[in-house]
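For reference, the chains in residue letters:
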Amino acid sequence: MIDPQEKGELLKKIPKTDKILEKLPKDIPHILKRTVCRRVFEDLRKKIKLGLLASPEVLAFENVLSLVMDELSKSLRPSLRPLINATGVVVHTNLGRSLLPEEVFKQIFEVAVNYSNLEYDLEAGRRGSRYSHVEPLLCELTGAESALVVNNNAAAVLLTLETLARGKEVIVSRGELVEIGGSFRIPDVMARSGAILREVGATNRTHLRDYENAIGENTALLMKVHQSNFAVVGFTSKVPMSELKALGAKYQLPVIEDLGSGNLVDLTPYGFMHEPTVQESLEAGADLVSFSGDKMLGGPQAGIIVGKAELVDKIKKNPMNRAVRIDKLTLAGLEAILSIYRKPEEALRKIPTLTMLSMSYEETKKRAQRLAMRLKRKKIQGVDVAFTDTVSRVGGGAMPLQELRSRAVLLNLDGLSAKGVDAACVERALRLGDPPVIARIEDERILFDVRTVRDKELGLLASCVKDAVEKCIRGSIR
Ligand SMILES: *Cc1c(COP(=O)(O)O)cnc(C)c1O
């Protein structure tokens, strides 16, 4: 415990604001410099009062100056910025889901800095439709009659239900009433759309007769929802789309499916369990299918609706459509991504999400070796570099049971325990670094799953590790 007198002495040691301000770059607005100084000084005073100051040296002029400079650069840099994802979760919703190929970004850039024919029909010389840029492509790729794109898949589901089932019943299996995180729950979305949820079956088993018994005067739709982020195993039974389609035909009810992630390519050749692609769902009879643009499709955030023209037209005319419409930059990106899918082999090679998902264990092993080599070259004191097998995840609420065997680089920090440095400190320092690195901790070791780290990032990642460890040794990370 530090006594009050000692605390008083420490408080007096804090350098004078004016002296610090003199040393700061001239071209930064004075008001910002003052605000930042005040913030740093308040933090120091608080630490002194609580007895949390690492050592009196922290108060040395040069140290305080560098604390203020750090804070200043933090205030000046963008809040939303790139980072290195070493978690091995490919479609990581918190880390921006899918990365765009550069050629896709070029297309977005061109549309962003120039006027475009967004809603202009060049042939006719008059107003056109923004959907015309991706609709033919989506129909070509999925075999659908018609297509519509909106802001995201949540909007696609909401809009579809509002258009086709407001005030009416929608029959859904109890086992498919998912919550996908970020407060998107099928029953809640249904309620907001004005549609009435009619749950059928039990959590683990739903039969065709359950759907049939629930059909009545007020039924508008039969709906299937992809279970996304969970799986029911054991004694289970689901009604396949083809049977639901036959039932829908008997009662003249459309059958719709929220596919969630929605793949256009079959990934079973890469060791994936089978998931119906968008094409398969349509072939099996779905009248409408909706899916995300930025999950396994690997494009920008968007919601895609494909299916029967008669139904898609109704959705297009819904005034709510305007409220969830896709913006031109997304549209440019989506068109570019979809064009790549014309050649599925190219899609796997060019679209980062698919490249990472289809990366073999052997390839991850080689990449892990390259990372380890770069780390060793940094000669970071007290840090031992090793390897371990790990399991990457698809993420984005897709394929929760799919295990992707992967190789990770491990940092063993036992050599730093005498200096009071542990894995939690290094993990935090990595997270607060520039660029931030998001890693996992397992058994007091830092783990980098290289599946989601690109080769071009390996050198940078090694430098970030060196910085982070040094910060922890210096005690400038709390
Ligand atoms: C992810 C998901 C959604 C929401 O999609 P967003 O594009 O994130 O809005 C809806 N339904 C299912 C089944 C999902 O997996």
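Computed from a predicted model, the values in this text were never measured in an experiment.

Novice: Would you mind showing me how to read the nonpolar core here?
Specialist: Side chains that are nonpolar tend, in soluble globular proteins, to be buried together. Judged by nonpolar contacts, the single largest core of 88 residues is most densely connected at V306 and Y341. Shared between two domains, this core takes at least three residues from each, and those domains are domain 2 (84-94 + 356-474) and domain 3 (100-350). For V306, the residues in contact, after removing those within four places along its chain, are L138, T142, A144, S146, A147, V278, L282, D287, L288, V289 and F291.

Novice: What should I look at first to understand helix 12 (residues 309-317) in this one?
Specialist: Each α-helix turn comprises 3.6 residues. Residues three or four places apart therefore point the same way. Buried within helix 12 are the following residues: L311, V312 and I315. Each buried residue of helix 12 lies within a common arc of 95° when the element is viewed along its axis, so the set occupies one face. Exposed residues pointing more than 90 degrees away from the buried face of helix 12 are listed as E310 and K317. Against strand 5 (146-150), helix 7 (153-165), strand 10 (288-292), strand 11 (303-307) and helix 13 (320-323) lie the buried residues of helix 12.

Novice: Looking at this structure, I do not really get the domain arrangement of the chain. What am I missing?
Specialist: When the domains of the chain are assigned, the result is domain 1 (4-76), domain 2 (84-94 + 356-474) and domain 3 (100-350). Distance from the C-alpha centre of domain 2 to the C-alpha centre of domain 3: 35 Å. Counting residues at the interface gives 13 residues for domain 2, matched by 18 residues for domain 3. For the pair domain 2 and domain 3, the summed buried area comes to about 1,200 Å², and 73% of that belongs to carbon and sulfur atoms. Of all residues in domain 2, the largest losses of buried area upon contact with domain 3 belong to S358, M399 and Q402, amounting jointly to 39% of the total for that side. Inspection of the region where domain 2 meets domain 3 yields zero salt bridges. At the junction of domain 2 and domain 3, the tally comes to two residue pairs in polar contact (both at pLDDT 80 or more).

Novice: Just checking my understanding: could you explain the sheet that holds strand 16 (residues 445-449) for this structure?
Specialist: To summarise the sheet geometry, strands pair through backbone hydrogen bonds and adopt either a parallel or an antiparallel arrangement. Strand order in the open sheet made by the five strands is 2-12-13-16-15, with mixed pairing throughout. Sheet topology places strand 2 (89-91) and strand 15 (440-442) at the edges, where each strand pairs with a single neighbour. Strand after strand, the sheet turns through a mean of 40° between neighbouring axes, direction not considered. Each of strand 12 (384-395), strand 13 (404-412) and strand 16 touches helix 17 (residues 361-377); the most contacted strand, strand 13, lies at about 15° to it. Across the face of the sheet, helix 18 (residues 423-431) comes into contact with strand 15 and strand 16 while running at roughly 40° to strand 16.

Novice: Honestly, the site of the ligand in this entry has me stumped. Any pointers?
Specialist: Surrounding the ligand, one finds R97, N152, N153, A154, I180, F184, H226, S228, D258, G260, S292 and K295. Contact distances for the ligand include 3.1 Å between an oxygen atom and a backbone N or O atom of N153. One nitrogen or oxygen atom from the side chain of K295 is found 2.8 Å from an oxygen atom belonging to the ligand. For the ligand, the protein covers 94% of the area, taking 380 Å² as the surface of the free molecule. Among the elements of the structure, helix 7 and strand 9 (255-260) are those that each provide at least two residues to the shell around the ligand. For the shell around the ligand, a count of residues per class yields three nonpolar, six polar and three charged.

Novice: Please explain the pairing of strand 5 as it appears in this structure.
Specialist: When a strand is regular, its side chains alternate between the sheet's two faces. Within strand 5, five of the five residues are buried, which leaves the element mostly enclosed by the surrounding structure. Where burial is concerned, the two faces of strand 5 agree: the one with S146, L148 and V150 and the one with A147 and V149 are both buried. Summarising the sheet, strand 5 and strand 11 pair through five bridges and their orientation is antiparallel. In the strand pairing of strand 11, A147 is matched with V306.

Novice: Sorry, what's going on with the packing of aromatic side chains here?
Specialist: Within a pair of aromatic rings, the relevant descriptors are the distance that separates the centres and the angle that separates the planes. Scanning all chains against the criterion turns up zero aromatic pairs. The aromatic ring of F235 is capped on one face by R205, whose charged end is 3.8 Å from the ring centroid.

Novice: Looking at this structure, I do not really get the state of the cysteines. What am I missing?
Specialist: Here, the word disulfide means a covalent bond between the sulfur atoms of two cysteines. Overall, the coordinates contain one disulfide when judged by the stated rule. Covalently, C425 is tied to C472 through a disulfide, its sulfur atoms 2.3 Å apart. Across the S-S bond linking C425 and C472, the dihedral sits near -105°, which makes this disulfide left-handed. One end of the pair, C425, is in helix 18; the other, C472, is in helix 19 (residues 458-474), with 47 residues separating them in the sequence. Like C425, the residue C472 is buried in the burial classification. Here C464 stays unpaired: no disulfide links it, and the sulfur of C472, its closest cysteine neighbor, is 13 Å away. Classification of C464 by relative accessible area gives buried; the value is 8%.

Conventions and cut-offs
Numbers given for residues are sequential positions, taken from 1 along each chain in its written order. Local features in this predicted model are restricted to residues whose pLDDT is 70 or higher, and side-chain atom pairs enter the listing and the counts only when it is 80 or higher, whereas totals over whole chains, interfaces and linings include all residues. Hydrogens and waters are ignored; side-chain quantities use all the structure's heavy atoms. Nonpolar cores were defined as sets of buried Ala, Val, Leu, Ile, Met, Phe, Trp, Tyr and Cys residues, with membership established by side-chain atoms within 4.5 Å. In this scheme, a residue with accessible area under 20% of its type's maximum is buried, one over 50% is exposed, and one in between is partly exposed, where area comes from a 1.4 Å probe on protein chains only. Where each domain begins and ends follows an automated or database-derived domain assignment. Note on contacts: a residue pair is in contact if any heavy atoms of the two residues lie within 4.5 Å. Numbering of helices and strands runs from the N terminus, with a helix taken as a DSSP run of H or I at least four residues long and a strand as a DSSP run of E at least two residues long. The arc in question is traced by the directions running from the helix axis to the C-beta atoms. Here the quantity called buried area is the accessible surface, traced with a 1.4 Å probe, that two parts lose on coming together, added over both. Salt bridge criterion: a side-chain nitrogen from Lys or Arg within 4 Å of a carboxyl oxygen from Asp or Glu. The term polar contact refers here to a pair of N or O atoms within 3.5 Å; inside protein, the definition further demands a hydrogen-donor-capable atom paired with an acceptor-capable atom, and it admits residues adjacent in sequence only when both atoms are side-chain atoms. The pairing criterion for strands is at least two bridges between them, as found by DSSP. Structural elements are reduced to axes, namely lines fitted to C-alpha atoms, with helices fitted over the stretch in contact, and the angle between N-to-C directions of any two is expressed from 0 to 180 degrees. Consider each residue's heavy atoms; a residue with any of them within 4 Å of a molecule or strand counts as near. Under the convention used here, a 1.4 Å probe and the Shrake-Rupley method define accessible areas, while residue burial counts only the protein chains that appear. Gly falls in the polar group here, along with every residue not listed as nonpolar (Ala, Val, Leu, Ile, Met, Phe, Trp, Tyr, Cys, Pro) or charged (Asp, Glu, Lys, Arg). Aromatic contacts are taken between Phe, Tyr and Trp rings whose centres are within 6.5 Å, Trp giving its six-membered ring; a plane angle under 30 degrees counts as stacked, one over 60 as edge-to-face, and the others as tilted. Charge over a ring is defined by NZ of Lys or CZ of Arg lying within 6 Å of the ring centre and within 35 degrees of the ring normal. Cysteine sulfurs are considered disulfide-paired once they come within 2.5 Å of each other.

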